[in-house]
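Listed here are the chains, written in short residue letters.
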Amino acid sequence: QKEVEQDPGPLSVPEGAIVSLNCTYSNSAFQYFMWYRQYSRKGPELLMYTYSSGNKEDGRFTAQVDKSSKYISLFIRDSQPSDSATYLCAMSKGGSYIPTFGRGTSLIVHP
Amino acid sequence: GAGVSQSPSNKVTEKGKDVELRCDPISGHTALYWYRQSLGQGLEFLIYFQGNSAPDKSGLPSDRFSAERTGGSVSTLTIQRTQQEDSAVYLCASTRDTNTGELFFGEGSRLTVL
């Protein structure tokens, strides 16, 4: 079993939909949680960063961490075709500077 | 440019040949990472450099893989005697602050081993 599990999709939604992307993990030592967005043939770029449990909002994006369930989510409101990309969750342990990444979920937002 | 620069962007080689992939991090970023991304797979950690400290090589998959970072800046990832399973996109990232998890990635070097 991988430390970080993420459904690869693809997830196809209509423009304007609310998107929910999720990851589960097995190592309770993870404390820092990140979401990266990767467009085709580009490198990943950081979208959201959270520490420990709770919610964080940035514009149309909300990141949620539930450490008791070892489950993290990224919500995208009012999704746009430009949101079509692969979304990778990543997490790291306290004292470790090496994030562990999920496989990524491919999101397609169609007009 | 101000971003992480990787070269070559594409490399096709024959099985058994050696390849070198180059990464030029963002100026002032002391931490540098190499990851590998295979088709449909997540990012697999390979090696991490931080300043003048000894690199963390725990992710290198075999002794055919090595990397160095000269002068705390440019890094080269070398794969000797390439195998078909080495075909992947090799991503380099750098950061000034390892606490935030915000890595700045290059566009990757796409390696195809025939």
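(A) Representation of the overall build of chain B within the structure. Within chain B one finds zero helices and ten strands. In chain B, the succession of α and β elements from N to C terminus is β-β-β-β-β-β-β-β-β-β. In terms of its C-alpha atoms, chain B occupies a principal-axis envelope of roughly 40 × 25 × 25 Å. Taken over 114 residues, chain B has a buried fraction of 47%. For chain B, the share of sequence-separated contacts (at least 6 apart) that also reach a separation of at least 24 residues comes to 55%. Of the roughly 5600 Å² of accessible surface on chain B, a fraction of 44% belongs to carbon and sulfur atoms. Averaged over its 11 positive side-chain charges, chain B has a centre that lies 4 Å from the centre of its 13 negative ones.

(B) Quick peek at the environment of A:Ile98. Looking at the secondary structure, you find A:Ile98 in the loop between strand 9 (85–93) and strand 10 (100–101). Taking the relative accessible area as the measure of exposure, A:Ile98 reaches 15% and is therefore buried. For the pair A:Ile98 and A:Glu3, spaced 95 residues apart in sequence, the C-alpha to C-alpha distance is 13 Å. The contacts of A:Ile98, once residues within four sequence positions are left out, are A:Met91, A:Ser92, B:Tyr33, B:Tyr35, B:Phe45, B:Tyr48 and B:Asp56.

(C) The arrangement of the interface of chain B and chain A in detail. Residue-level contacts link 21 residues of chain B with 18 residues of chain A. Surface buried jointly by chain B and chain A totals about 1700 Å² across both partners, of which 52% is contributed by carbon and sulfur atoms. A per-residue breakdown of the area chain B buries against chain A is headed by B:Leu43, B:Phe105 and B:Glu107, which together make up 24% of the total. Counting across the interface, chain B meets chain A through one salt bridge. The interface formed by chain B and chain A contains five residue pairs in polar contact (both at pLDDT 80 or more). Only strand 4 (31–37) and strand 5 (43–50) of chain B provide two or more residues apiece to the side of chain B that touches chain A. Here the side of chain B that touches chain A is composed, by residue class, of eight nonpolar, nine polar and four charged.

(D) Layout of the packing of aromatic side chains. For the structure shown, the criterion picks out twelve aromatic pairs over all chains. For the pair A:Tyr25 and A:Phe33, a centre-to-centre distance of 5.4 Å together with 45° between the ring planes defines the contact as tilted. A single burial state applies to A:Tyr25 and to A:Phe33, both of which are buried. Cluster of aromatic residues (ring-pair linked, three or more members): A:Tyr36, A:Phe101, B:Tyr33, B:Tyr35, B:Phe45, B:Tyr48 and B:Phe105.

(E) Highlighting the state of the cysteines. Residue and element names in this part refer to chain B. Counted according to the given criterion, the structure contains two disulfides over all chains. The side chain of Cys 23 participates in a disulfide bridge whose partner is Cys 92; the two sulfur atoms lie 1.9 Å from each other. Around the S-S axis, the bridge from Cys 23 to Cys 92 shows a dihedral of about -65° and counts as left-handed. Of this pair, Cys 23 sits in strand 3 (residues 19–24) while Cys 92 sits in strand 8 (residues 88–95); the two residues are 69 residues apart in sequence, bridging distant segments of the chain. Judged by its relative accessible area of 0%, Cys 23 is buried. Residue Cys 92 is classed as buried on the basis of its relative accessible area of 0%.

What counts, and where the lines are drawn
Residues numbered from 1 in each chain as written. Chains lettered and ligands numbered in written order. Predicted model: local features only at pLDDT ≥ 70, side-chain atom pairs only at ≥ 80, totals over all residues. Heavy atoms only, no water. Helix = DSSP H or I, 4+ residues; strand = E, 2+ residues; numbered from the N terminus. Buried < 20%, exposed > 50% of the residue type's maximum accessible area, 1.4 Å probe, protein only. Contact = heavy atoms within 4.5 Å. Areas by Shrake-Rupley, 256 points an atom, 1.4 Å probe, with all protein chains shown as cover. Lys, Arg positive; Asp, Glu negative; His and termini not counted. Charge placed at Lys NZ, Arg CZ, Asp CG, Glu CD. Buried area = accessible area lost by both parts, 1.4 Å probe. Salt bridge = Lys/Arg side-chain N within 4 Å of Asp/Glu carboxyl O. Polar contact = N/O pair within 3.5 Å; in protein donor to acceptor, adjacent residues only side chain to side chain. Nonpolar A, V, L, I, M, F, W, Y, C, P; charged D, E, K, R; others polar. Phe/Tyr/Trp six-rings, centres within 6.5 Å; stacked < 30°, edge-to-face > 60°. Disulfide = S-S within 2.5 Å.

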